[in-house]
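Overview (structure and organization)
Listed here are the chains, written in short residue letters.
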Amino acid sequence: GGMTPLNLVVTRLWYATALLQAGRPADALLALDEADRDAEDAMPAESATRIELRLARADALLAVDRAAEALTIYADVWQRSAEQTEPWWHAFTGSLQCHARLDADPSQIAQSIRQQRFLAPDLGGGRWKHAIGLLEQDLSRQTTTAPSR
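Remember, it's a predicted structure, so these values are computed and weren't measured experimentally. Note on numbering: residues in each chain are counted from 1, in written sequence order. Given that this is a predicted model, residues contribute local features only at a pLDDT of at least 70 and side-chain atom pairs are listed and counted only at 80 or more, while totals for whole chains, interfaces and linings are drawn from all residues. As a rule here, side-chain values cover all heavy atoms of the structure and leave hydrogens and water aside.

With that settled, the discussion passes to the pattern of salt bridges. Here, a salt bridge means any Lys or Arg side-chain nitrogen found within 4 Å of an Asp or Glu carboxyl oxygen. In the structure shown here, the tally under the stated rule is 13 salt bridges. In this structure, the salt-bridge partner of D36 is R57, at a minimum N-O distance of 2.6 Å. Of this pair, D36 sits in helix 2 (residues 25–42) while R57 sits in helix 3 (residues 48–63), placing them 21 residues apart in sequence. Across the pair E46 and R80 runs a salt bridge, and its minimum N-O distance is 2.9 Å. A residue pair is termed long-range when its members are at least 10 positions apart, and E46 in the loop between helix 2 and helix 3 and R80 in helix 4 (residues 67–80) qualify at 34 residues. Residue E46 is classed as partly exposed on the basis of its relative accessible area, which comes to 48%. Several salt bridges converge on common partners, so that one network encompasses E46, R54, D76 and R80. Counting from the N terminus, the helices are DSSP H or I runs at least four residues long and the strands are E runs at least two residues long. Burial classes: relative accessible area under 20% of the type maximum marks a residue as buried, over 50% as exposed, and values in between as partly exposed (1.4 Å probe, protein chains only).

This is how it looks when you write it as structure tokens:
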């Protein structure tokens with residue numbers, strides 16, 4: 001009886017994601033630490049669940065203002081993922097959010113979004129399209145409300 005290691009990892013991931021959505025990213029990071037320890041033995045590093053764990057960690061790091069650490073994870077997952085897949089869009093969107101938080105040039109972030117929209121007009125659909133749209137609104141406010149000296 002009991003849970004298999006894989007089920008345990010998936011359950012912890014689900015729990016961490018719920019904590020993150022409830023606005024408790026620090027608790028989510030603790031839950032992810034436990035999930036990672038279980039996952040190391042239960043599944044290969046490139047498995048979909050391990051990649052989801054890494055993305056959840058990056059989301060939580062971004063939420064606790066550790067954008068530079070989050071960016072490292074997003075960039076790595078983005079490079080390793082097949083283009084236009086769910087993890088690829090998650091990592092792309094997260095990377096843009098990190099760059100914005102780290103005061104990157106808004107016009108460069110907007111340029112990345114334009115390039116992707118040209119290649120994939122729906123921007124991954126649903127959640128990612130929405131998140132990228134919100135980021136664009138923030139960026140346009142930044143560029144229009146920049147103090148003119």
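Structure shown, so let's carry the discussion forward.
Before going further, it helps to examine helix 3. Here, expected helix span is obtained from the residue count minus one, scaled by 1.5 Å. The end-to-end C-alpha distance of helix 3, which contains 16 residues, comes to 23 Å, matching closely the 22 Å that a straight helix rising 1.5 Å per residue would cover. Burial analysis of helix 3 places 12 of its 16 residues in the buried class, which makes it a mostly covered element. Every buried residue belonging to helix 3 is among T49, R50, I51, L53, L55, A56, R57, A58, D59, A60, L61 and L62, and all of these are buried. Backbone geometry just after helix 3 places D65 at a positive phi near 65°.

Scope: geometric values only; no functional claims are made or implied.
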